[in-house]
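Residue-level structural notes
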Amino acid sequence: MSQGAAALPGDPPGGRRAAAVWGLGVGVYFVAIIFRTSLGVAGIDAAERFHINASALSTFSILQLLVYAGMQIPVGLMVDRLGTKKVLALGAVLFTAGQLAFALSHTYGTALASRALLGCGDAMTFISVLRLGARWFPARRGPLIAQVAALFGMAGNLVSTMVLARLLHGAGWTATFGGSAAAGVLVLILTLLFLKDHPEGHEPPPAAHGDGGGKGFVRQQITRAWREPGTRLGMWVHFTTQFPAMVFLLLWGMPFLVEAEGLARGTAGLLLTVVVLSNMAVGLVYGQVIARHHAARLPLALGTVGATALLWAAVAAWPGAHAPMWLLVTECVVLGACGPASMIGFDFARPANPPERQGTASGIVNMGGFIASITTLLAVGVLLDATGDDYRVAFCSVFVLEALGLSQILRLRTRAQRREQERVVASRVETVHVPAVSPGSTA
């Protein structure tokens, strides 16, 4: 049985209303993912539109993710202090404005600024959705709820690869990106009208801002979350597992499959779709397994890292001019497990931090994968320009970051497990002591 399978005192009830409110938050995240990944199917078109090389093209995604990663801790603090509704609404305003500005951009500079604005709004969505799920559903459902949220995010990626790609070549740049911005306006209106931070009777305790006022509160939140080994382990799990698929889907997958592997655009788009579909299927499996067997978290994460490295190496080292289709399909299926594996990082941080610090801890974890993605996006672009578009050499940069992340996971796992066991023992002792007061009571 998984830890925490029993209902906890004060747990939210869940139910249909919880699913409806949480689903609205997930809808905002879904649209944000469509906007975030829309460049992944438009990389070649963007290079032609703005007359840029591979390094300049990678700057689009690097800047967007740099803003995203840099916003994670501030967003976590905002969610802890302001609540989910305000942060999600602000995020919807920003990512919609960024998508619309990107549609109207004709110069490289304005397009960069648009993606930065989009990244800022995008950064406010996922942590808010995690917090929303924790406030509306029982704690025992946390791993599955998080995986399902990520699954809907990948559905947004599916819209990019299957819908926006076709619209882009039919309706053109401005109509495609500008028209998609209407989805952002829709979810903003729905959020303002219907979203609630928590069910009645389950208000969070007021945050203690400390003696130092606002700055003291910020320092305390970050320091206390970082001191927890579970938070740091979660960050490195997220760092090591997420970025290969992110790099592939966000920017370099389509150019690699078309330019290096000689595939038609339609075939390459189908392979990107395989990554997304695999992500959605694996996410459901991982969520169910972890909800029932908490000890499976680390083996699943490490197994995903190993499988990803093996398939990535097999494609890079294939002796022929092009890797065979069966190997490319297998690689895409394995890459689909990277997103669900990265979600395991949040499940290390969640039990390590009290509810009033969940947003901050989630922000720290979420920084991991995006820092790795930024680094790899830049490295691939630089190496492509340096090697004359040799994708196999450029993609070897993935192994460096996987090795770094793996070393940190192995270093922190024992410390985090020991701390988690201490919390379990302490909670059992507290449970035993509570009934001892009640005998003889007439209440």
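Residues numbered from 1 in each chain as written. Predicted model: local features only at pLDDT ≥ 70, side-chain atom pairs only at ≥ 80, totals over all residues. Heavy atoms only, no water.

**Description of the side chain of D45**
Mapped onto the elements, D45 comes out in helix α2 (residues 43–50). D45 gets classed as buried once you look at its relative accessible area, which sits at 17%. For D45, the side chain forms a polar contact with the side chain of R265, separated by 3.4 Å. Leaving out residues up to four positions away in the same chain, D45 has contacts with L168, H169, W173 and R265. (Helix = DSSP H or I, 4+ residues; strand = E, 2+ residues; numbered from the N terminus. Buried < 20%, exposed > 50% of the residue type's maximum accessible area, 1.4 Å probe, protein only. Polar contact = N/O pair within 3.5 Å; in protein donor to acceptor, adjacent residues only side chain to side chain. Contact = heavy atoms within 4.5 Å.)

**Looking at the packing of helix α10 (residues 229–260) against helix α12 (residues 297–316)**
Interhelical geometry of α10 versus α12 gives an angle of 35 degrees and a closest axis separation of 9 Å. In this structure, α10 crosses over α12, and the sense of that crossing is left-handed. Taken together, the residues of α12 that come into contact with α10 (itself represented by V237, T240, T241, P244, F248 and F256) are A301, V305, T308, W312 and V315. For the contact of α10 with α12, the class distribution of residues is eight nonpolar, three polar and no charged. (Axes fitted to C-alpha atoms, helices over the stretch in contact; angles between N-to-C directions. Left-handed = near helix turned anticlockwise from the far one by under 90°. Nonpolar A, V, L, I, M, F, W, Y, C, P; charged D, E, K, R; others polar.)

**Points about the nonpolar core**
Residues F60, F95, F248, W252 and L257 are the most contacted members of the largest nonpolar core, which totals 136 residues. Tallying contributions element by element places α10 first for this core, with 17 residues. Those residues in contact with F95, other than ones at most four positions away along the chain, are V28, V31, A32, F35, L117, L118, G121, D122, T125, G184 and V187. (Core = buried A, V, L, I, M, F, W, Y, C linked by side-chain atoms within 4.5 Å.)

**Remarks on helix α6 (residues 126–136)**
The α-helix winds at 3.6 residues per turn, so residues separated by three or four positions along the chain end up facing the same way. The buried fraction of α6 amounts to 10 of the 11 residues, a majority that puts the element mostly inside the structure. Buried within α6 we find F126, I127, S128, V129, L130, R131, L132, G133, R135 and W136.

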